[in-house]
Amino acid sequence: MIRHFTLIIAVAWLSACGLMPDTQEDDQNWSANKFYSEARDKLNDGNYTAAIKLYSSLEARYPYGRFAQQAQLETAYAYYKDQEPASALAAADRFINLHPNHKNVDYAYYIKGLANFNDDWGIMNFMMRGFLKQDMSERDSKASRESFENFRALVARFPDSKYAPDSRLRMAHLLNVVAMNEVHVARYYMKRKAYIAAANRAQFAVKEYPLTPATEEALYIMMQAYEALGMYDLRDDAKRVLKRNFPDSAFLDNTVELGAKSWWKLW
């Protein structure tokens, strides 16, 4: 028994000292194709951290050639899927700067848009968002504006890109998000009885985003704010515009409360 125990200790010590053969495959002799294949397997399995590490090793070992370029592009995607938008944006920007004429550079712009779009918050955040009934328009609109610009750059530069149709849809959605963000702010001012600020913010939404669904509630807020301020001519003007553009609006007969109306949902 003592001999067996001593043997086990000796084997463990030899292994720790590196004298026992390593059972894992040594990647020192991997080809660029091998690195890329292994990284893609990790990416497809959803092991994004491991994929990023392998892509980084590939680029460090083989910095030139198509595998390195593809690794840079897929690293941006892996960061996006791993819910690291800042890293995804940095990786996509790096690819665009290094390879502005690459045949797949449109995809880098698309990844930038997706990273800022940030509508995939993960399962826990998705559940909390549903529980709290929160939508994109209730968050800071900075990322939404940047996402819109990313998609707009893609569509402008690559109108025939296979990512252009989805980008246009997301742009329409994001325009609604930014417009509705203005309405959320106007609602807040109404609750605080800051009627001038509410009217100005709602008016800004109407002027800047006239073709979005947010216009309907923005006009109603203008009506309410001007009513509270005793500015009845402006109230009546807002009501006429609301009635002309939204003749069936429930806001016209005060059957809905501010913020209670579900007016759009694309994602």
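Given the structure is predicted, the values throughout are model-derived calculations rather than measurements.

**Q** Is there a simple way to think about the packing of aromatic side chains in this case?
**A** Ring pairs (aromatic) are described by centroid distance and by the angle formed between their planes. All chains considered together, the criterion is met by 13 aromatic pairs. One aromatic cluster is present, formed by Tyr107, Tyr110, Phe151 and Tyr163 through successive ring pairs. Sitting over the ring of Trp30, Lys34 keeps its end group 5.4 Å from the ring centre. The ring of Phe67 carries the charged tip of Arg66 above its face, separated from the ring centre by 4.2 Å.

**Q** Would you explain the confidence of the model for the protein in this entry?
**A** Any region with low pLDDT has predicted coordinates that should not be read closely. Summary statistics for the protein give a mean pLDDT of 83 and a share of 76% for residues scoring 70 or more. In the predicted structure, residues 260-267 sits below a pLDDT of 50 and forms 20 contacts with residues beyond four places in sequence or in another chain.

**Q** Looking at this structure, how should I read the side chain of Thr75?
**A** Tracing the sequence through the fold places Thr75 in helix H4 (residues 66-81). Residues in contact with Thr75, not counting those within four places in the same chain, are Ile52, Tyr55 and Ala91.

**Q** How should I be thinking about the side chain of His102 in this particular structure?
**A** Note that His102 resides in the loop between helix H5 (85-98) and helix H6 (105-117). In terms of polar contacts, His102 uses its side chain to reach the backbone amide nitrogen of Asn104, at 2.9 Å. Apart from the residues lying within four places of it in its own chain, the contact partners of His102 are Gln69 and Phe95.

**Q** I'm lost on helix H2 (residues 32-44) in this one. Help?
**A** Residues that lie three or four places apart on an α-helix share one face, since the helix turns once every 3.6 residues. Here H2 spans 18 Å end to end across 13 residues, near enough to the 18 Å set by a 1.5 Å rise per residue. All of the buried residues along H2 are Ala32, Phe35, Tyr36, Ala39 and Leu43. The buried residues of H2 occupy an angular sector of 95° when projected down its axis, which confines them to one face. Where the residues of H2 are buried, they touch helix H3 (48-61) and H4. At the exit of H2 stands Gly46, carrying a positive phi of roughly 85°.

The rules behind the values
- Residues numbered from 1 in each chain as written.
- Predicted model: local features only at pLDDT ≥ 70, side-chain atom pairs only at ≥ 80, totals over all residues.
- Heavy atoms only, no water.
- Phe/Tyr/Trp six-rings, centres within 6.5 Å; stacked < 30°, edge-to-face > 60°.
- Lys NZ or Arg CZ within 6 Å of the ring centre and 35° of its normal.
- pLDDT = per-residue confidence, 0-100.
- Contact = heavy atoms within 4.5 Å.
- Helix = DSSP H or I, 4+ residues; strand = E, 2+ residues; numbered from the N terminus.
- Polar contact = N/O pair within 3.5 Å; in protein donor to acceptor, adjacent residues only side chain to side chain.
- Expected span 1.5 Å × (residues − 1).
- Buried < 20%, exposed > 50% of the residue type's maximum accessible area, 1.4 Å probe, protein only.
- Arc of directions from axis to C-beta.

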